[in-house]
Amino acid sequence: MAQTEAEIQRQKEMQQAEELLFSGRQELGFAKGLFHGNFVADWVMPYPRLPAAEEAELESALAEVRQMLDRELDPDWIDRNADIPRNLVAGLGRTGVLGMTAPREFGGRGFSQMQYCRVLEEIGKRDASTSVFVNAHHSIGIRALILFGTREQKARWLPPLVAGEQLAAFALTERDAGSDAANVRMTATPSDDGAQFILTGEKRYITNAGIAQVWTVMARTPVPGKPGKDAITAFLVTPDMPGVEMINPRMPKLGIRGTATARFRLNNVPVPKENILGPMGKGLRVALTVLDFGRTTFGACCAGAAKTCLSLAIEHANSRQQFKKTLGDFDLVKKKIARMAADVYAMDAMTQVTASLIDRGLEDYMIETAMLKVFTTERLWEAVNDAFQIHGGSAYFDDNPLGRILRDARINQIGEGSNEVLTSFIALVGMRGPGMEFKEIYDTMMKPNIQSIGRAFNSGMNRLSATVRTPGVPVRSGELRGFAGQLGRLIWRFNVAVNRALVVYREPVLDMQLLQERIAGAAMELFASTCTLSRWDAELQARGRNGEGRPPDFSAPDYFLRKSIRHAKQLLAELNDNDDKALLSSANAALGKREETEPKRQ
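Values in this document were obtained by computation on a predicted structure and should not be read as measured data.

Side note on the packing of aromatic side chains
Argument step 1. Applying the stated criterion across every chain yields a total of 9 aromatic pairs.
Argument step 2. Plain terms: the ring middles of F30 and F39 are 5.5 Å apart, the flat faces sit at 90 degrees to each other, and that makes the pair edge-to-face.
Argument step 3. Using a relative accessible area of 12% as the deciding quantity, one classes F39 as buried.
Argument step 4. An aromatic cluster of three or more residues is present, and its members are F30, F39 and F527.
Argument step 5. Lying across the ring of Y205, R204 places its NZ or CZ 5.9 Å from the centre.

Right, dumping it as structure tokens:
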């Protein structure tokens, strides 16, 4: 039977995904381990701590950055004037923020990702426009140059960028390319002599592009020796090149108004071949690698902003009186405060653990960074909403910072990959490993041969082993063994649920986004709970070593673990008990898709 056009396109997309995501070494990291029913402890335990020398260096840098921010940063002025003043940019350059992780030999501070995240958290506490500006310049703007640039490229481009004399932008997004990064349509055609590429196309929603002097631009280049085939390549482009058209240097926005979000067009712009960044045709790999770093600092910025929301909520709850009580005396207000405090603790823990994976040189942490981005942006939005509600009507007026914080926070669930796309990504990439094992077993049963029987046996034993054993979670503090046991049993239950989904639905699971959402949601809770437990365990151990008396208050991690484990159980239960059929029927009717009378089972 001939394949339909949709089936051919699906196979093409799956092949592209395989080549991009699974062509290199496939290390079983923590997140992928969860989907296999394993607890890869050495990725998350013991909780990462900076060496004493790096901690001292960081504290010195933070003190300098705080003093500079106290003098130069006025978030309300930035919001009103839709601009980040030059004196602030200069201060960020002077204190090393704009080149924090760049090599020292090129003028950077050579900080680790963990150190850098702590600095970004401090900025995130104060102003989202500034943190997004820094993130766009450093975390994605110059990160590709740091990671993939040749020594000659770094020597030429990095020094003015890390000093703040020049600014950087990362240009991926187009009309039809955003979360779907592979859908870039800008072209880069080699000249006849091969000395340059001619770039043509339009980019939009590019943070910093209106004020930057260096852009990392993604464009499609032909694949040598394969007529009609192309691939994405990264280029270093400057806005003074002939043919650059700045359509709108500052697109008006709801929030993060201080950032210069631009739309520009390249009209046959000649770019020297020396400006190719990374391997030819590997620009999508460059982009996805860079976004892993950006999503980590995303987590840090969101954690900082959530701490500000919690601080504002506590201050108001302790001072505002109603019905002869302070707001903090009411249980429904306490519920919001407790939720914020618990989530802030977990956000901090997840950010530091994920950053440590980068610093340790581990491979394939793309699921962990996606989890961090989705989790922290969602929890920040809830924290903003809770703080807003506690402040009541006063939050709605311009003399209260929560209105600005609310507007600024909304972009986080969209930027650097929408949360819906990343949620499906988490589920599908995570399920691929056990899915391939089930496929090995099925294919061997259908067409047995000597070569495949051994592989199928090993796959079957892997699946069976994960089904009959509960993974251990190695905590050192006796008082946490109860939570560790609950977490281990929940990982076993999660693996059984993943196995069942793969066996029952097989390939159609690729389109079942409601199922994917629950599986990804449960996986994120497992990651968040593990990071929280690891941090709590480390803090208990440190307290014991210091010989101090009464232990500190750990009610925040205690509450987080309780609610996180309960939420994960609920998500897994809903895989079998849900209203998905009614949901899809209602949506199809509203969308005018009444021909879909029998929604696919979810």
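Still to come is the rest of the account.
Re helix α3 (residues 52-72)
Turn by turn, an α-helix covers 3.6 residues, leaving residues three or four places apart pointing in a common direction.
Argument step 1. In a regular helix each residue adds 1.5 Å, so 21 residues correspond to 30 Å; α3 covers 30 Å between its end C-alpha atoms and thus fits that length.
Argument step 2. Those residues of α3 lying buried are L58, A61, L62, V65, M68 and L69. Across the axial projection of α3, the buried residues extend over an arc of 130 degrees, all falling on one side. Counted as exposed and oriented over 90 degrees from the buried face of α3: A52, A53, D70 and R71.
Argument step 3. Buried-residue contacts for α3 involve α5 (86-94) and α6 (113-126).

Some details on the pattern of salt bridges
Argument step 1. Scanning the model with the defined rule gives 28 salt bridges in all.
Argument step 2. With its nearest N and O atoms 2.9 Å apart, the salt bridge here joins R104 to E57. With R104 in the loop between α5 and α6 and E57 in helix α3, the pair connects residues that are 47 residues apart, well separated along the chain.
Argument step 3. A relative accessible area of 52% means that R104 is categorised as exposed.
Argument step 4. R118 is paired through a salt bridge with E59; the nearest N and O atoms lie 3.0 Å apart. One end of the pair, R118, is in helix α6; the other, E59, is in helix α3, and 59 residues separate them in sequence.
Argument step 5. A residue is classified by how much of its surface remains accessible, and R118, at 23% relative accessible area, is partly exposed.
Argument step 6. A network of salt bridges, in which partner residues are shared, links R66, D70, E122, K125 and R126.

Rules of the game
Residues numbered from 1 in each chain as written. Predicted model: local features only at pLDDT ≥ 70, side-chain atom pairs only at ≥ 80, totals over all residues. Heavy atoms only, no water. Phe/Tyr/Trp six-rings, centres within 6.5 Å; stacked < 30°, edge-to-face > 60°. Buried < 20%, exposed > 50% of the residue type's maximum accessible area, 1.4 Å probe, protein only. Lys NZ or Arg CZ within 6 Å of the ring centre and 35° of its normal. Helix = DSSP H or I, 4+ residues; strand = E, 2+ residues; numbered from the N terminus. Expected span 1.5 Å × (residues − 1). Arc of directions from axis to C-beta. Contact = heavy atoms within 4.5 Å. Salt bridge = Lys/Arg side-chain N within 4 Å of Asp/Glu carboxyl O.

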